[in-house]
Amino acid sequence: MIANLFRAYYRSMRGAIYVPDVIRREFMFRGFDGRVRRHMAFGDLEELRRYLVYDPPLDAYYSVSLYERPEAEMGDKGRIRADLLFDVDSSDLRDEGCESGSIWRCKGCGKLGMGLSPARCPSCGSDRIEVNHWLNERCIEVSREEVRKLIEILTQDLGVDQDWILVTYTGNRGFHVRVIDGPLTQLEREARREIAQYVMASGLDISSFISADGRGFILDTRSGHVARALRLMRGSDPMGHMRLSPREKRNLERALISSVSKSAARIDWMVTMDTGRLTRVPNSLHGKTGFRALSLTLDDYRTMDPFKDAVGIQAEPEMSLRIKLRVPRFRMRGEAFGPYSEGEEVRLPAHAASFLVLRGRAELYDSGSKD
Amino acid sequence: MRELGSHITSPTYRSDELISVAPFSKQGASLLEGVTLEDLAEDPSLEEVRSLARERLISAITGRPHATRSPALEVHSFVAAKLIAAEAGRSVLSRLADYEAKRFLRLCRRLSLEQLKEIASGTFNISTKGDLWIDLASYLRGASRIGGRRWRLVNRVVVRGYVLVDRYEMERIIAEYVRENVLRTPRVELPPPLRRIAEEVSKLMSERAPKGTEVKGELPPCISELLERVRAGDNLTHQARFALVSHLLERGWREDRIVDLFRNLPDFKERVTAYQVSHIARRRYKPPSCGTMRSWGLCTTDCGKRG
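Quick look at the structure, then. (Residues numbered from 1 in each chain as written. Chains lettered and ligands numbered in written order. Predicted model: local features only at pLDDT ≥ 70, side-chain atom pairs only at ≥ 80, totals over all residues. Heavy atoms only, no water.)

1. Let's talk about the packing of aromatic side chains
So, step 1. This structure, assessed with the given rule, holds 22 aromatic pairs over all chains.
So, step 2. Aromatic ring contacts, followed pair by pair, group Trp134(A), Phe291(A), Phe307(A), Phe330(A), Phe337(A) and Phe355(A) into a single cluster.
So, step 3. Sitting over the ring of Phe217(A), Lys249(A) keeps its end group 4.8 Å from the ring centre.
So, step 4. Seen from the ring of Tyr162(B), Lys129(B) lies directly overhead, with NZ or CZ sitting 4.1 Å from the centre. (Phe/Tyr/Trp six-rings, centres within 6.5 Å; stacked < 30°, edge-to-face > 60°. Lys NZ or Arg CZ within 6 Å of the ring centre and 35° of its normal.)

Pasting the structure below:
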């Protein structure tokens, strides 16, 4: 049933599916039956679009790398270059508001709880905790802020041309930012790790930017991290160099460290480092939401609302659901739904129903349609 | 017959000093014009080249620097030594790479900043600006292989795609490019006179290689990969060495046996290695976890163990 809704999407929106340098990419699909197909390649965009309509996948991924032979086994593909990918995922940001609808369960004793998951189960102490994440506007808001900081660092510090940056909503709880052209796409793993750590200000040592002369200390405010941290602290742009007494140096160092941690971007650095990574096809549907992995302009992402702009599944038909796990109130295309409690039976428009089923919060019991 | 320097059209600038210090440079390559692999191997007038190539390789293995000769001789013997090392095996090539990188670093102080910049841009495509900025991608290509906090990008002034460096740092980065230049030498079919030198240095290398470093039992994949790399004479980072040593100590290896293992490395110093190994043993440092190894970029595959 949901597969048919996905097919209808790919049929009507096929023109929106766009992958740069499609013939050089490896593709991977996860089907509705759970089967995974890897090492697939397409001769052109049309072929890819036809495939998505013919056999709509639950999730569609493509490689960040461009290969000589994308269909070959891993060792024989022949990497040409690779997009520099940054993954901003609200699951890593641990925001109370974003996690307010999430449900966690201890695999040790079965205890259930709502909200931000604890590191250890409060009743049995086990660290084996699984989480059914929820998605709300707050998740997008906190991720958006990280994307803003990331783009600033990429363009101001790392010299990335705005035209080389591709922002997409992941279709779930965050964003992907890709640098698709320029010298950084030629970098190897190690160098990518350095970029990721730069963006996160991880391992930053403020003393690297402070030098001493006979009369005291000088802070080099040309450093992007230092300048942003100062701006955050003082609200104005610093100029060139700053002279400090030993005491000022001590105080400022401490203040800068805490300020830098706010002005740096929080990303998943493992993703950035991995040139063998597969990532969601822009404008394909996400298998945990039914939302579109929307490709966005550098302006769009600031205002994008997934519950309005990324809903990929049509409203028709209505579907009957049984709720498996508590559902908080949510809106879809302006219409409010919920809250629903466990065991409740409801009839919802297809987009809201698929959202709950794909998130693992409800199951279909009789679609009430002949589709 | 293949001409080794046939891709060079017209050298615009030539300085004897620059070429002797940087035989790998574009200016140096211009001296190869018209010289073939067969000439290098057999031309009687190039006997001196073969002899210096051999000397370079032996110096790389024994650690004694050769005395600088004329620009043409330096360039020809540099190229011949690379080709012979590629034939002689990974550990010889790795030794030569380290030798040539360090030789450049030692001698490049004689060059002017302008000459350094010229080598950077002309030979390695490193773009430089003012006093002294180098482009981000080039910086990373060189510096991500150098250990230490000061080299990490996060601790550098980076503005609009350029990284601020001083002259010494620029020299270090170029030296890393030299290392890479040698390591990337393709293996080609060598004429007999050069092949004989390859056999000779390969033998010399294996005589000096550690013995009795076979490992019993299964090692985790990342650790066994590091072990392979040490055996091949790869220049490992400080963290990689630490991971390997702490792991082997935990498996009950004796300290001297571990020190022997490292004899293969291009920058091996017995005293320093022995001190480091015994330091790790004394402090009973635990081997890094899989997660830590990953964060150091040492695990390319699954660690093969939990935690």
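2. Details of the state of the cysteines
Residues and elements named next belong to chain A.
So, step 1. All chains considered together, the criterion is met by one disulfide over all chains.
So, step 2. Residue pairing for Cys98: its cysteine sulfur links by disulfide to Cys139, the two sulfurs lying 2.1 Å apart. On the sign convention where negative means left-handed, the S-S torsion of about 95 degrees between Cys98 and Cys139 marks this disulfide as right-handed. Taken together, the residues Cys98 in the loop between helix 3 (90-93) and strand 7 (103-106) and Cys139 in helix 4 (residues 137-157) connect sequence positions 41 residues apart. Here Cys98 matches Cys139 in class, with each residue buried.
So, step 3. No disulfide involves Cys106; its sulfur sits 3.5 Å from that of Cys124, the nearest cysteine.
So, step 4. The class of Cys106 is buried, set by a relative accessible area of 0%.
So, step 5. Owing to a relative accessible area of 39%, Cys124 belongs among the partly exposed residues under this scheme. (Disulfide = S-S within 2.5 Å. Helix = DSSP H or I, 4+ residues; strand = E, 2+ residues; numbered from the N terminus. Buried < 20%, exposed > 50% of the residue type's maximum accessible area, 1.4 Å probe, protein only.)

3. Some points on the sheet that holds strand 15 (residues 278-280) of chain A
Within a sheet, adjacent strands bond to each other through the backbone by hydrogen bonds, running parallel or antiparallel.
Residues and elements named next belong to chain A.
So, step 1. Across the sheet, which stays open at both edges, the four strands sit in the order 2-1-3-15 with antiparallel pairing between neighbours. Looking at the sheet topology across the chains shown, the edges are occupied by strand 2 (36-40) and strand 15. Taken pair by pair, the neighbouring strands of this sheet meet at an average axis angle of 25 degrees, ignoring direction.
So, step 2. Bridge count for strand 3 (residues 59-63) against strand 15 is three bridges, and the pairing is antiparallel. Looking across to strand 15, one finds that Tyr62 is bridged to Thr279.
So, step 3. Running over the sheet, helix 2 (residues 45-54) touches strand 1 (27-30), strand 2 and strand 3 and is turned about 10 degrees from strand 1. (Pairing = 2+ DSSP bridges. Axes fitted to C-alpha atoms, helices over the stretch in contact; angles between N-to-C directions. Contact = heavy atoms within 4.5 Å.)

4. What about the nonpolar core?
So, step 1. Residues Leu356(A) and Phe104(B) are the most contacted members of the largest nonpolar core, which totals 172 residues.
So, step 2. Within the second largest apolar cluster, 25 residues are counted, among which are Leu227(B), Leu244(B), Leu249(B) and Phe262(B). (Core = buried A, V, L, I, M, F, W, Y, C linked by side-chain atoms within 4.5 Å.)

5. Brief notes about unusual backbone geometry
Residue and element names in this part refer to chain A.
So, step 1. At the junction of Glu316 and Pro317, the peptide bond is cis and its omega measures out at -10 degrees in the coordinates.
So, step 2. Relative to the assigned elements, Pro317 resides in the loop between helix 10 (306-309) and strand 17 (318-323).
So, step 3. A cis amide bond links Gly338 with the next residue in sequence, Pro339, at an omega value of -5 degrees.
So, step 4. Secondary-structure assignment places Pro339 in the loop between strand 19 (335-337) and strand 20 (345-349).
So, step 5. In this model, His39 sits at a positive phi of 55 degrees, which is unusual for a non-glycine residue.

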